[in-house]
Amino acid sequence: MRALSLEFAKLRRKNVWLICLGVAALCLMWVATDAARAAQGAPDGTASLLYMTPLVNAIVLTLFAAVVSSRLCETDHEAQALKELLCLQRPGSLFAAKLACSLVLITATVMLETAGLAMLASYKSFADQLGIAGLAAFAACQIGPTFTVAAVVQAVALRWENQFASLALGLSLSLAGLFSLFFPPAVQRLVPSGYFGLLSCVRMDWDSVTHVTSFYTVPFAWGDAALLAAICAAVIAVSAAWFSRKEL
């Protein structure tokens with residue numbers, strides 16, 4: 001807990017909470033443009049929001065995860081502070097604290113976004129509004145891929161002092177996540193940001209004859225969730241093992 005508090009103290013002048021608020025607001029404004037076209041009290045209005053949001057998150061939250069991880073590591077790279085810090089703090093503790101800090105920031109952002117979606121659905125009086133359990137499940141499906149991206153980017157950000165590499169990786173994962181949504185699931189599983197679509201329980205069907213769009217739900221992809229958890233655990237284990245052997 002003390003190590004986690006120290007990480008937040010390092011970010012005191014980095015405006016990370018404003019970034020969290022801005023990212024959540026950006027996602028909501030993006031999704032709100034789609035909600036504005038839905039009729040008041042639409043029977044599948046919430047389903048349309050839950051279909052659109054993971055597409056937006058594959059871009060925005062992936063970049064957000066990269067920025068958060070980069071800033072967390074940049075604070076220690078500045079003025080060669082990382083070498084001095086590793087003389088006073090165990091590498092494993094430092095590594096875990098940075099991951100935990102990323103998770104807190106990601107969770108806060110996703111919770112803000114989810115609360116905003118619930119208020120938007122309530123404002124539009126959609127007939128298929130979700131309860132607390134449904135909203136929590138949706139939030140968890142957004143946190144998982146975002147945290148995995150953060151773990152991947154952190155591994156790179158700790159390796160190189162120049163944070164251009166980590167930010168470039170974040171941008172690449174953002175674009176890869178977006179384009180993977182238009183490919184078969186086998187391709188989506190290759191990219192951490194592709195799991196935003198894989199873990200979504202809402203699908204869209206467009207009738208080319210009637211030009212009507214409809215939304216339907218599918219069972220939760222437990223297999224993909226387990227695969228994402230395995231990928232995340234493997235990335236953390238490998239990067240933590242490397243960092244623990246980092247030479248001063």
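Our structure is the block above this text.
Participant: Just to check I follow, could you spell out the layout of surface pockets for this structure?
Facilitator: Empty space among the atoms can be located by rolling a probe the size of a water molecule over them. There is about 330 Å³ of room inside the largest pocket. Lining the largest pocket are 20 residues; nearest its centre among them are Leu 181, Gln 188, Gly 197, Leu 198 and Arg 203. Of the residues assigned to the lining of the largest pocket, the class counts are 15 nonpolar, 3 polar and 2 charged. Of the pockets and cavities examined, the second largest pocket occupies roughly 240 Å³. Around the second largest pocket, the lining is made up of 15 residues, and of these Leu 50, Gly 134, Ala 137, Phe 138 and Cys 201 lie nearest the centre.

Participant: I would appreciate a short explanation of the side chain of Ser 48 in the present structure.
Facilitator: Summarising the element assignment, Ser 48 is placed in helix H3 (residues 45-77). Excluding residues that lie within four positions of it along the chain, Ser 48 makes contacts with Asp 34 and Phe 215.

Participant: Any chance you could explain the packing of aromatic side chains here in plain terms?
Facilitator: The geometry of an aromatic ring pair comes down to the distance between the two centres and the angle between the two planes. All chains considered together, the criterion is met by 2 aromatic pairs. Geometrically, the ring pair formed by Tyr 51 and Phe 215 is tilted, given 5.7 Å between the ring centres and 55 degrees between the ring planes. Note that Tyr 51 is positioned in helix H3 and Phe 215 in strand E2 (residues 212-217), a separation of 164 residues in sequence. Overall, the relative accessible area of 22% leaves Phe 215 in the partly exposed class. With centroids separated by 4.7 Å and ring planes inclined at 75 degrees, the aromatic side chains of Phe 220 and Trp 222 adopt a geometry described as edge-to-face.

Participant: When you look at helix H2 (residues 16-35) in this model, what are you seeing that I'm missing?
Facilitator: The α-helix advances 3.6 residues per turn, and as a result positions three or four apart in sequence lie on the same side. In a regular helix each residue adds 1.5 Å, so 20 residues correspond to 28 Å; H2 covers 28 Å between its end C-alpha atoms and thus fits that length. Buried residues of H2: Val 16, Cys 20, Val 23, Ala 24, Cys 27, Val 31, Asp 34 and Ala 35, and no others. Axial view of H2: buried residues confined to an arc of 120 degrees, hence all on one face. Projecting away from the buried face of H2 at angles above 90 degrees are the exposed residues Leu 18 and Met 29.

Participant: For this particular structure, what's the right way to read the environment of Gly 22?
Facilitator: Its place among the elements puts Gly 22 in helix H2. Separated by 88 residues in sequence, Gly 22 and Val 110 place their C-alpha atoms 12 Å apart.

Procedures and definitions
- Residues numbered from 1 in each chain as written.
- Predicted model: local features only at pLDDT ≥ 70, side-chain atom pairs only at ≥ 80, totals over all residues.
- Heavy atoms only, no water.
- 1 Å grid on protein atoms, 1.4 Å probe; cavity = no way out; pocket = protein on both sides within 12 Å on 5 of 7 lines; lining within 4 Å.
- Points joined across faces, edges and corners; volume = space filled by probe spheres on them.
- Nonpolar A, V, L, I, M, F, W, Y, C, P; charged D, E, K, R; others polar.
- Helix = DSSP H or I, 4+ residues; strand = E, 2+ residues; numbered from the N terminus.
- Contact = heavy atoms within 4.5 Å.
- Phe/Tyr/Trp six-rings, centres within 6.5 Å; stacked < 30°, edge-to-face > 60°.
- Buried < 20%, exposed > 50% of the residue type's maximum accessible area, 1.4 Å probe, protein only.
- Expected span 1.5 Å × (residues − 1).
- Arc of directions from axis to C-beta.

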